[in-house]
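The residues making up each chain are set out below.
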Amino acid sequence: MIMRILLFSCIIAVLLAKPYRGGELRTIESFQYGRFEVRMKSAPSSGVISSFFTFHDYWSEGHTSSVYWNEIDLEWLGRYDDKVHTNLIIHDQWDLPDLSNLTFNPNEDFHTYAFEWTSEYIAFFVDDQLIRRVDNFYIDSMYREQKIMMNIWQSTSVEWAGSFSASTLPTYAYYDWVKYYLWVDGTGNAGTNNDFILLWEDNFDSWDTNRWEKATHTWDGNNADFIYDNVV
């Protein structure tokens, strides 16, 4: 199998703002509702997070308050070889995390992961098997348009991400393809109750600059800076 995209952490300790280097790829367009799907293999290093998620980029709109926060996460904590982390984050960073067991090592082979986001529920899937469904008040607050994102970074939270050793570097997260399905309640041909229809698929044969952009930023709790060269 030939991989079309490699999002990796060629993380090197140098005398710059952060000691390590990660990478992030994100859509230019934002989406409200749908089925978001990826085929990927996560990074194995403890302390390192690889992800597939959506996020309301309120910073690009000139806002700085976390009251605008909307985020849906699939995250792989390199400390585990049999789990995936899911989370919902709404205004003022209220979150709803969960750690789900897997029957395989996500760092060793490619698997398909997805989440469905509607005005009624958010559900997470692994190889088309439902692992979590949320239909509480968090859904009422999850209405802001969000960008699709993938990144790899080193968390400073040892309690959450595990202890980190630079001896494990470089480490890599591989993304084979991404699909976006439009939510068309009752009239689709995919997903739960056939409520979704495939709108586009990107196999990463090339970098579609009309769809994707690379990021160069960081945040408190992230021990890495994102750089263009680490998204290949």
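Residues numbered from 1 in each chain as written. Predicted model: local features only at pLDDT ≥ 70, side-chain atom pairs only at ≥ 80, totals over all residues. Heavy atoms only, no water.

Asks: Looking at this structure, how should I read the overall build of the protein chain?
Replies: Helices and strands together make up the secondary structure of the protein chain, namely 2 helices and 16 strands. Computed over the C-alpha atoms, the radius of gyration of the protein chain is 17 Å, within 12% of the 17 Å expected from 2.2 N^0.38 for a compact globule of 232 residues. Dimensions of the protein chain, computed from C-alpha atoms along their principal axes, come out at roughly 55 × 45 × 35 Å. For the protein chain, the proportion of its 232 residues judged to be buried stands at 53%. Sequence separation of 24 or more characterises 68% of the internal contacts of the protein chain that already satisfy a separation of 6 or more. As presented, the protein chain carries roughly 10500 Å² of accessible surface, and 48% of it is formed by carbon and sulfur atoms. Across the protein chain, the mean location of the 16 positive side-chain charges is 4 Å away from that of the 34 negative side-chain charges. (Helix = DSSP H or I, 4+ residues; strand = E, 2+ residues; numbered from the N terminus. Rg over C-alpha atoms; globule rule 2.2 N^0.38 Å. Buried < 20%, exposed > 50% of the residue type's maximum accessible area, 1.4 Å probe, protein only. Contact = heavy atoms within 4.5 Å. Areas by Shrake-Rupley, 256 points an atom, 1.4 Å probe, with all protein chains shown as cover. Lys, Arg positive; Asp, Glu negative; His and termini not counted. Charge placed at Lys NZ, Arg CZ, Asp CG, Glu CD.)

Asks: I keep staring at a nonpolar patch on the surface and nothing clicks. Help me out?
Replies: Taken together, Leu 182, Ile 197 and Leu 199 make up a surface patch of nonpolar side chains, about 240 Å² in accessible area. Summarising the element assignment, Ile 197 is placed in strand E14 (residues 196-202). Ile 197 gets classed as partly exposed once you look at its relative accessible area, which sits at 34%. (Patch = residues over 30% accessible without salt bridge, like charges linked within 9 Å, V, L, I, M, F, W, Y side chains within 5 Å. Salt bridge = Lys/Arg side-chain N within 4 Å of Asp/Glu carboxyl O.)

Asks: In this structure, what is going on with the packing of aromatic side chains? I would like to understand it.
Replies: Any aromatic ring pair is given by two values, namely how distant the centres are and how the planes are angled relative to each other. By the definition in use, this model includes 27 aromatic pairs. Geometrically, the ring pair formed by Trp 153 and Trp 160 is tilted, given 6.2 Å between the ring centres and 35° between the ring planes. For Trp 153, a relative accessible area of 8% puts it in the buried group. Classification of Trp 160 by relative accessible area gives partly exposed; the value is 25%. In this arrangement the basic side chain of Lys 179 is found over the ring face of Trp 177, its NZ or CZ atom lying 4.5 Å from the centre. (Phe/Tyr/Trp six-rings, centres within 6.5 Å; stacked < 30°, edge-to-face > 60°. Lys NZ or Arg CZ within 6 Å of the ring centre and 35° of its normal.)

Asks: Help me out: how do you make sense of the nonpolar core in this one?
Replies: Formed by 38 residues in total, the largest nonpolar core has its most connected members in Phe 52 and Leu 88. The biggest single contributor to this core is strand E13 (residues 171-183), with 4 residues. (Core = buried A, V, L, I, M, F, W, Y, C linked by side-chain atoms within 4.5 Å.)

Asks: What am I meant to see in the side chain of Ser 50 here?
Replies: Counting through the fold element by element, Ser 50 comes out in strand E4 (residues 48-55). Of note is the side chain of Ser 50, whose polar atom sits 3.2 Å from the backbone nitrogen of Ala 43. When neighbours within four sequence positions are excluded, Ser 50 is seen to be in contact with Ser 42, Ala 43, Leu 74, Glu 75, Trp 76, Asn 151, Ile 152, Ala 173 and Tyr 175. (Polar contact = N/O pair within 3.5 Å; in protein donor to acceptor, adjacent residues only side chain to side chain.)

Asks: Can you help me understand the pattern of salt bridges in this one?
Replies: Note that side chains of opposite charge can pair when their charged atoms are close. With the rule as written, the count across this model stands at 11 salt bridges. The shortest N-O distance in the salt bridge between Asp 57 and Arg 26 comes to 3.1 Å. Remark: Arg 26 occurs in strand E2 (residues 20-27) and Asp 57 occurs in the loop between E4 and strand E5 (71-77); sequence separation between them is 31 residues. The two residues Asp 57 and Arg 26 agree in class, both being buried. Since its relative accessible area comes to 10%, Asp 57 is described here as buried. Three or more residues are tied together by salt bridges with common partners; here these are Glu 24, Arg 26, Asp 57, Lys 147 and Glu 213.

Asks: Is there a simple way to think about the layout of surface pockets in this case?
Replies: Summary: where empty space remains is shown by rolling a probe the size of a single water molecule over the atoms. By volume, the largest pocket amounts to about 740 Å³. Mapped by element, the contributors of at least two residues to the lining of the largest pocket are E2, E4, E5, strand E6 (83-90) and strand E12 (147-154). Residues belonging to the lining of the largest pocket are distributed by class as follows: 11 nonpolar, 7 polar and 8 charged. (1 Å grid on protein atoms, 1.4 Å probe; cavity = no way out; pocket = protein on both sides within 12 Å on 5 of 7 lines; lining within 4 Å. Points joined across faces, edges and corners; volume = space filled by probe spheres on them. Nonpolar A, V, L, I, M, F, W, Y, C, P; charged D, E, K, R; others polar.)

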